[in-house]
Each structure stands twice: as structure tokens, then as C-alpha cells.
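# Summary of structural features
Here is what each chain is made of, one letter per residue.
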Amino acid sequence: MRNYVVLAAMLGLIASPVVAQECKEIRFGTDAGFAPFAFRDESGEPKGFEIDLIKAICTQQNATCSFVINDFDALIPSLVTSRIDAISAAMSITDERKKQIAFSQSYANPSARFVGQKDAEFQLTKEFLSGKTVGVLRGQTGETYMKKSFGDAVTLQLYDSQDSMTQDLATGRLDFALNDAPGLSEGFLKLAGGEAYAFVGPELHDKLFGDGYGFGLRKDDECRLRVINDGLAAIRKDGTYDKVRQHWFAYNIE
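I will try to describe carefully the structure that is included in this document.

Procedures and definitions
- Residues numbered from 1 in each chain as written.
- Predicted model: local features only at pLDDT ≥ 70, side-chain atom pairs only at ≥ 80, totals over all residues.
- Heavy atoms only, no water.
- 1 Å grid on protein atoms, 1.4 Å probe; cavity = no way out; pocket = protein on both sides within 12 Å on 5 of 7 lines; lining within 4 Å.
- Points joined across faces, edges and corners; volume = space filled by probe spheres on them.
- Helix = DSSP H or I, 4+ residues; strand = E, 2+ residues; numbered from the N terminus.
- Nonpolar A, V, L, I, M, F, W, Y, C, P; charged D, E, K, R; others polar.
- Core = buried A, V, L, I, M, F, W, Y, C linked by side-chain atoms within 4.5 Å.
- Buried < 20%, exposed > 50% of the residue type's maximum accessible area, 1.4 Å probe, protein only.
- Contact = heavy atoms within 4.5 Å.
- Phe/Tyr/Trp six-rings, centres within 6.5 Å; stacked < 30°, edge-to-face > 60°.
- Lys NZ or Arg CZ within 6 Å of the ring centre and 35° of its normal.
- Pairing = 2+ DSSP bridges.
- Axes fitted to C-alpha atoms, helices over the stretch in contact; angles between N-to-C directions.
- Salt bridge = Lys/Arg side-chain N within 4 Å of Asp/Glu carboxyl O.

### Re the layout of surface pockets
Within this model, the largest pocket holds a volume of roughly 420 Å³. Together, 20 residues line the largest pocket, and Thr-94, Glu-96, Arg-97, Gly-139 and Thr-144 are the ones closest to its centre. Looking at the lining of the largest pocket, the elements with two or more residues in it are helix H3 (75-80), helix H4 (95-98) and helix H6 (141-150). Tallied by class, the residues present in the lining of the largest pocket amount to six nonpolar, seven polar and seven charged. For the lining of the second largest pocket, the secondary-structure elements that each account for two or more residues are helix H8 (181-189) and strand S12 (197-204). The biggest single contributor to the lining of the second largest pocket is H8, with three residues. Of the residues in the lining of the second largest pocket, the class split is six nonpolar, five polar and three charged.

### Observations concerning the nonpolar core
Grouped together as the largest cluster of nonpolar side chains are 29 residues, with contacts concentrated most on Phe-28, Phe-37, Phe-49, Leu-53, Tyr-107, Phe-215 and Tyr-241. Of all the secondary-structure elements, those providing two or more residues to this core are strand S1 (25-30), helix H2 (49-60), helix H9 (222-237) and helix H10 (240-248). No other element matches the six residues that H2 contributes to this core. If sequence neighbours within four positions are ignored, Phe-49 has contacts with Pro-36, Phe-37, Tyr-107, Tyr-241, Val-244, Arg-245, Trp-248, Phe-249 and Ile-253. In this structure, Phe-128, Val-136, Phe-150 and Phe-176 belong to the second largest nonpolar core, which totals 16 residues.

### A word on empty space enclosed by the protein
Left-over empty space is what a probe sized like a water molecule reveals as it rolls over the atoms. Evaluation of the coordinates by the stated rule reveals two cavities of 30 Å³ or more. Of the volumes computed, that of the largest cavity is approximately 80 Å³. For the largest cavity, the lining is made up of 14 residues, of which Gln-140, Thr-141, Gly-142, Asn-179 and Asp-180 are closest to its centre. Those elements that provide at least two residues to the lining of the largest cavity are H6 and strand S11 (176-180). In terms of residues, the lining of the largest cavity owes the most to one element, S11, which gives three residues. Computed from the structure, the second largest cavity encloses a volume of approximately 50 Å³. Lining the second largest cavity we find Asp-71, Phe-72, Asp-73, Leu-137, Arg-138, Gln-140, Tyr-159 and Asp-160. Counted by class, the lining of the second largest cavity contains three nonpolar, one polar and four charged residues.

### A few points about the packing of aromatic side chains
Two measures describe an aromatic ring pair: the distance that separates the ring centres and the angle between the ring planes. Evaluated as defined, the whole model comprises 19 aromatic pairs. Consider the rings of Phe-28 and Phe-215, whose centres lie 5.9 Å apart with planes at 75 degrees: the pair is edge-to-face. In this pair, Phe-28 is assigned in strand S1 and Phe-215 in the loop between S12 and strand S13 (216-217), connecting sequence segments 187 residues apart. Of the residues examined, Phe-28 reaches a relative accessible area of 2% and is grouped as buried. Classification of Phe-215 by relative accessible area gives buried; the value is 0%. A ring pair is formed by Phe-37 and Phe-49, whose centres lie 5.8 Å apart and whose planes are at 90 degrees; its orientation type is edge-to-face. Separated by twelve residues along the polypeptide, Phe-37 in the loop between strand S2 (33-34) and strand S3 (38-40) and Phe-49 in helix H2 bring together distant segments of the chain. Taken together, Phe-28, Phe-34, Phe-37, Phe-49, Phe-67, Tyr-107, Tyr-213, Phe-215, Tyr-241, Phe-249 and Tyr-251 form an aromatic cluster joined through their ring pairs. Over the ring of Phe-128 we find Lys-132; its NZ or CZ atom is 4.3 Å from the centre of that ring. Taking the ring centre of Tyr-241 as reference, the NZ or CZ of Arg-236 above it sits at 4.4 Å.

### Some thoughts on the sheet that holds S1
An order of S5-S1-S6-S13-S7 is seen for the five strands of this open sheet, with the pairing classed as mixed. Every interior strand has two partners, whereas the edge strands, strand S5 (64-69) and strand S7 (102-103), have only one. In this sheet, S13 lies alongside S7 in antiparallel orientation, the contact comprising two bridges. Across the sheet, Phe-103 pairs through a bridge with Gly-216, a residue of S13. Packing of H2 onto the sheet brings it into contact with S1 and S5, and relative to S5 it is tilted by some 155 degrees.

### Considerations on the pattern of salt bridges
In the structure shown here, the tally under the stated rule is 13 salt bridges. For Glu-143, the salt bridge identified is with Lys-147, shortest N-O distance 2.7 Å. Taken as a pair, Glu-143 and Lys-147 lie in helix H6 at a separation of four residues, close to a single helical turn. The exposure class of Glu-143 is buried, given its relative accessible area of 11%. Overlapping salt bridges, with partners in common, bring together Arg-27, Asp-85, Arg-218, Asp-221 and Arg-224 in one network.

See below:
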């Protein structure tokens, strides 16, 4: 019996590094359509706050990480079928999504805002928004918020990227657009073409917008979840998180 115990222990010692190494190979899925969190550079490669944050986490954890670009609404199906190992797409941690996947600790928690023409009248009421056309991103928390808060009173136009949504806003096809404030600020209002537009209405912190952004993982992938959470905690402690954040944002996003 003792020989079997020794053999099992030896096998365990041999197998452990293999399991650890598999945990440190992480394919992150991103839609790369939400500047400055994640977008494509001129060569088509993903870049942005989330991309730099992941690189810092993976360096700290000695992990090998890569990026797979996909549409936002295909990310959870890709995760649960193991075509990717984690989601990095400014994905809000919501109760509905937690039924399907697990989330890391939050790495950002921005407010949501409406944007419209400068000095445009705006009231966050069903009466005012009735008959208006509002742009939201397909499958994201803005769509959920508008449908549950205003029902059919508001005409929703769904988009797969913020760029296409703000283009329609700029050409008059929309009355307002709704998204998370940093993306609209850095990816539209501060760019050429956004000068005639501004945030309208209050900052939104409704529970429907979730509990911040988290990296999504399969529920049974506790090992990669631990790698990401440990790496995130470490770069917060040593100041790397703040350096990455300050590179992309001149203000707090938590």
C-alpha cells in the first residue's frame, strides 16, 4: 500500500506543474470596438486600456496571453464552448450574466451617460423620451436599462460598435446615444466630429448596469480565475494598475 501512496504522490508532483502551465495560457476574447478600452490600431492589432491591463497581469503572473477578436454577442458562446478562455470586453458584471459565466474582480466601474447635441433639452422621463430614438449597444447593459425602464415608449436602435452608433448620432439618425461614460468621452466627444456633442442628463448608476467591469471565465475554470485575480491584486498593490489607467484616462474610472 505504501508503494501506491508514494507513486501517487510522485505522479501528483509531476502533474501539478502541467496543470499550472495550462492555467497560465489564456486566450482573451475581445470585440475591440470600444475605445479606449479595446480597439484596433492601424495594423489591426488590439490596443487600449484593457489590452495593456491584461498584458500587465500576464507579465506579473508569468502567463502566456493572446487575443481573439470577435463580436460582443458571440463572446459568451465562444467562452462556454472553449474557443476562448476569458472575456475582456468592458463586460459589466450582472446577475443575468453570472447565471452563465464567472467573473474576476472588477477592474473598472464607470457610470453610464446619455450623449446628444450640445445644449439639447433632456429629461430622464418616459414622457420626454417618448417617440425619441436612442442608440444603444446590442446585448449590453444600456439596452437592458432602456427596455426595462422605458419599455416601448422609446425607439431603440441597436449597434454592434460604439463607432457606428456615434456616426449615426452625428448624422442625425439618433436623438441620443447611451453608453458608459469613458467610452463616449474618449472615443467620441474628445475626437474630431464630437465637438458639437456633450453629455446630457445625470450620471446613471442603476443596478441594471451591473457591478463594474470584470473578466469573464467559465464557471469551472477556477485556476485561470485565480491567476487573473492574483495578477490584478498584485498590479494594484505595486502601482502598475494606476500607471496603466493614467495612460488612458485623466480621471478615476472606479
